[in-house]
Amino acid sequence: MTSETNTAARKVRSGVSHTLLIIVAIVFLGPLVYAVSTSLKPADEVFTPAPHLFGSEIRWKNYADAFTFAPFDRYFLNSLLVAVAGTLVVVVASSMSAYAFARLKFRGREQLFVLFLGTLMVPQEVLIVPMYWLMQSLGWVDSYWALILPWAFTAFGTFLLRQFFLTVPAELEEAARVDGCGPFRSFLRIMLPLARPAIAVLTVFTFISFWGSFLWPLIIINSVEDKGTVPLGLAQFVGQQGTQWNLMMAASIMAMIPTVLLVVLLQKHLVRGLLVTGLGGR
């Protein structure tokens, strides 16, 4: 009787859990479904007294019109350049600094790491003005360098990879040291191959951050048509003549494709990385 009661209770809990998951999925998918349906409607049917999921016709032409309304091919190339280059710099700098904080012994290491982590408490908006002055003094205003380098050296990636490096057994490095490997070769041949899941997590987070950045490009880029990114391009659909909502939704759907593809390609490493990077160190 007790086993039957436990089985029934488990089934009830499982049913409740699945129901809640379905509700949460519907809530999160709702805006996406609305964006897709809006992107396929004629402009005069986006807002109607009785809202409908689809318009009188499905206008796939909206996706082509979004590219002709603004130079979106240029925006995509600019965003891809900035996101890829910025992600590469972040991964290289964060992995090397994380290895130093996790494995190398030097005076004041822990205090310096705490000070380094303290930069995470400073909002990006507070740094906008001094960062702009710095870019102006370097002559980097309205350049790709200004879009990539200022935010490529943050403590988040260092902290994430350091936590992973601390979980790697020290015996692996000791064995490599016996074979004649120095710290740099141990880092390249042992730590980096083992850190692929954590690097995948950092890659996805960083790419999305660069790809979706709007405030900093809005301030630092003057020639939007030449060096503008996708978020700046989406703002072009808002003008004095009104907002082209159907074209904006079409462009927004296309802007999601690179990040979705990246998550799908790195899904295997991403799931494992999210599990292992939260573990405590030695």
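With an unreviewed UniProt entry as reference, the protein chain is termed Carbohydrate ABC transporter membrane protein 2 (CUT1 family), source organism Kribbella kalugense. The protein chain has a UniProt comment under Sequence similarities (unreviewed entry) that states "Belongs to the binding-protein-dependent transport system permease family." As recorded by UniProt, the Subcellular location (unreviewed entry) comment attached to the protein chain reads in full: "Cell membrane".

Visitor: I keep staring at the nonpolar core and nothing clicks. Help me out?
Guide: Within soluble globular proteins, side chains that are nonpolar tend to cluster in buried spots. In this structure, Phe 72, Phe 165, Trp 216, Val 230 and Phe 237 are the most contacted members of the largest nonpolar core, which totals 57 residues. Examining the composition of this core, we find that 10 residues originate from one element, helix α3 (residues 72-103), more than from any other.

Visitor: So what exactly am I meant to see when it comes to the packing of aromatic side chains here?
Guide: The relation between two aromatic rings is expressed through the spacing of the ring centres and the mutual angle of the planes. All told, the structure shown has 20 aromatic pairs when counted by the stated rule. Ring centres of Phe 101 and Phe 113 lie 5.1 Å apart, and the angle between their planes is 55°; on these two criteria the pair is classed as tilted. With Phe 101 in helix α3 and Phe 113 in helix α4 (residues 109-118), this pair connects stretches of sequence that are 12 residues apart. Among the residues examined, Phe 101 registers a relative accessible area of 9% and is labelled buried. Ring geometry for Phe 156 against Phe 205: centres 6.0 Å apart, planes inclined by 40°, an arrangement best described as tilted. Separated by 49 residues along the polypeptide, Phe 156 in helix α7 (residues 155-165) and Phe 205 in helix α10 (residues 196-211) bring together distant segments of the chain.

Visitor: What should I look at first to understand the UniProt feature "transmembrane region" (unreviewed entry) in the protein chain in this one?
Guide: Those places that UniProt annotates as "transmembrane region" (unreviewed entry) correspond, in this numbering, to residues 20-37, 75-100, 112-132, 144-161, 198-224 and 244-266. Each end of residues 112-132 is marked by a C-alpha atom, and these two atoms are 26 Å apart; helix forms 76% of the span and strand 0%. As annotated, residues 144-161 has a helix share of 67% and a strand share of 0%, and its two end C-alpha atoms lie 27 Å apart.

Visitor: Hey, could you run me through α10 in this one?
Guide: Along an α-helix, a turn takes 3.6 residues, which lines up residues three or four apart on a common side. Between its first and last C-alpha, α10 extends 22 Å over 16 residues, near the 22 Å set by a 1.5 Å rise per residue. Of all 16 residues making up α10, 12 are buried, and the element is well covered by its neighbours. Within α10, burial applies to Pro 197, Ala 198, Ile 199, Ala 200, Val 201, Leu 202, Thr 203, Val 204, Thr 206, Phe 207, Phe 210 and Trp 211.

Visitor: Can you help me understand the confidence of the model for the protein chain in this one?
Guide: Detailed reading of the predicted model is not advised wherever pLDDT is low. With 93% of its residues at a pLDDT of 70 or more, the protein chain has an overall mean of 84. Ranking the elements of the protein chain by mean pLDDT puts helix α15 (residues 267-276) last, at 69, and helix α6 (residues 144-148) first, at 93. For residues 278-282, every residue scores under 50 in pLDDT, and the model assigns this stretch nine contacts once sequence neighbours within four places are set aside.

Calculation notes
- Residues numbered from 1 in each chain as written.
- Predicted model: local features only at pLDDT ≥ 70, side-chain atom pairs only at ≥ 80, totals over all residues.
- Heavy atoms only, no water.
- UniProt positions renumbered as here; feature names shortened; annotations may be inferred.
- Core = buried A, V, L, I, M, F, W, Y, C linked by side-chain atoms within 4.5 Å.
- Buried < 20%, exposed > 50% of the residue type's maximum accessible area, 1.4 Å probe, protein only.
- Helix = DSSP H or I, 4+ residues; strand = E, 2+ residues; numbered from the N terminus.
- Phe/Tyr/Trp six-rings, centres within 6.5 Å; stacked < 30°, edge-to-face > 60°.
- Expected span 1.5 Å × (residues − 1).
- pLDDT = per-residue confidence, 0-100.
- Contact = heavy atoms within 4.5 Å.

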